[in-house]
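Close look at the chain arrangement
Residues per chain, in single letters:
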Amino acid sequence: SAVISQKPSRDICQRGTSLTIQCQVDSQVTMMFWYRQQPGQSLTLIATANQGSEATYESGFVIDKFPISRPNLTFSTLTVSNMSPEDSSIYLCSVEGGSAEDTQYFGPGTRLTVL
Amino acid sequence: QQPVQSPQAVILREGEDAVINCSSSKALYSVHWYRQKHGEAPVFLMILLKGGEQKGHDKISASFNEKKQQSSLYLTASQLSYSGTYFCGTDAGGTSYGKLTFGQGTILTVHP
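Residues numbered from 1 in each chain as written. Chains lettered and ligands numbered in written order. Predicted model: local features only at pLDDT ≥ 70, side-chain atom pairs only at ≥ 80, totals over all residues. Heavy atoms only, no water.

1. What to know about the pattern of salt bridges
Residue and element names in this part refer to chain A.
- Considering all chains together, one arrives at two salt bridges over all chains under this definition.
- Measuring nitrogen to oxygen at the nearest pair gives 2.6 Å for the salt bridge that ties Lys-65 to Asp-87. Of this pair, Lys-65 sits in the loop between strand S6 (56-57) and strand S7 (68-72) while Asp-87 sits in the loop between strand S8 (75-80) and strand S9 (89-96), and the two are 22 residues apart along the sequence.
- Note on Asp-87: relative accessible area 5%, which makes it buried. (Salt bridge = Lys/Arg side-chain N within 4 Å of Asp/Glu carboxyl O. Helix = DSSP H or I, 4+ residues; strand = E, 2+ residues; numbered from the N terminus. Buried < 20%, exposed > 50% of the residue type's maximum accessible area, 1.4 Å probe, protein only.)

2. Side note on the nonpolar core
- The biggest cluster of nonpolar side chains holds 24 residues, and the ones touching the most others in it are A:Trp34, A:Ile46, A:Leu78, A:Tyr91 and A:Leu112.
- Looking at this core, the elements that each hand over two or more residues are strand S3 (19-25), strand S4 (31-37), strand S5 (43-50), S8, S9 and strand S11 (110-114) of chain A.
- Counting 21 residues, the second-largest nonpolar core is a separate cluster that includes B:Ile20, B:Leu28, B:Val31 and B:Tyr82. (Core = buried A, V, L, I, M, F, W, Y, C linked by side-chain atoms within 4.5 Å.)

3. Here we look at the interface of chain A and chain B
- Taken together, the 22 residues of chain A in the interface contact 20 residues of chain B.
- In total, about 1,600 Å² of surface goes out of reach between chain A and chain B, with carbon and sulfur atoms giving 56% of it.
- Here A:Glu58 and B:Lys99 are joined by a salt bridge, their closest N and O atoms 3.3 Å apart.
- Seen at the junction of chain A and chain B, the total is seven residue pairs in polar contact (both at pLDDT 80 or more).
- Every element with two or more residues in the side of chain A that touches chain B is listed here: S4, S5, S9 and strand S10 (104-106) of chain A.
- The leading source of residues in the side of chain A that touches chain B is S4(A), at four residues.
- Its residues assigned to classes, the side of chain A that touches chain B comprises nine nonpolar, eight polar and five charged. (Contact = heavy atoms within 4.5 Å. Buried area = accessible area lost by both parts, 1.4 Å probe. Polar contact = N/O pair within 3.5 Å; in protein donor to acceptor, adjacent residues only side chain to side chain. Nonpolar A, V, L, I, M, F, W, Y, C, P; charged D, E, K, R; others polar.)

Function cannot be read off these values alone, since they describe shape.
Structure follows, in structure tokens:
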């Protein structure tokens, strides 16, 4: 399975600021995804980030709020812009494992608190 | 649309068995099962592809009924380490390939 790291692991930010979260994979992967997990809740897909194309966003998520970059096959960033306390969540990247069985693995997550 | 998991919570003693169900209203390409412990990321358990297969390793197995769009996760002879929240993630395939929609989770607690 792919080894995924995220930076930062956690952060406390002030309202109105922005935070960029990095996701690094130890192997080349085509498909990367960004999810949000609000406190005590399930996981919700924010967007799909495939190298060489624009990220595609799910309903309720927009590029101005969550800009994403995917410069190569091992790296992606998610920015949470103009933050409010409602953005306090765990943000996770995941990758499609590339095996025949379409397995998806998650990074360790970034725990964000907005004051 | 979010798949529905049942039950919402299960309490077991070590050695007991449990079944967690996941039901979708959409046709599915695959069902993924994850376990998440408090403060940690979800850990992949297994994937079921359409075709109605059953899979398993160690004392955890799962099935996928393609006709009913239902999947079940079977935990036998539970261990303390099985405690956590279990999520099913469904993939409708096609243009939505890889995009997982998660159920609300089932909290499993195993006591000595």
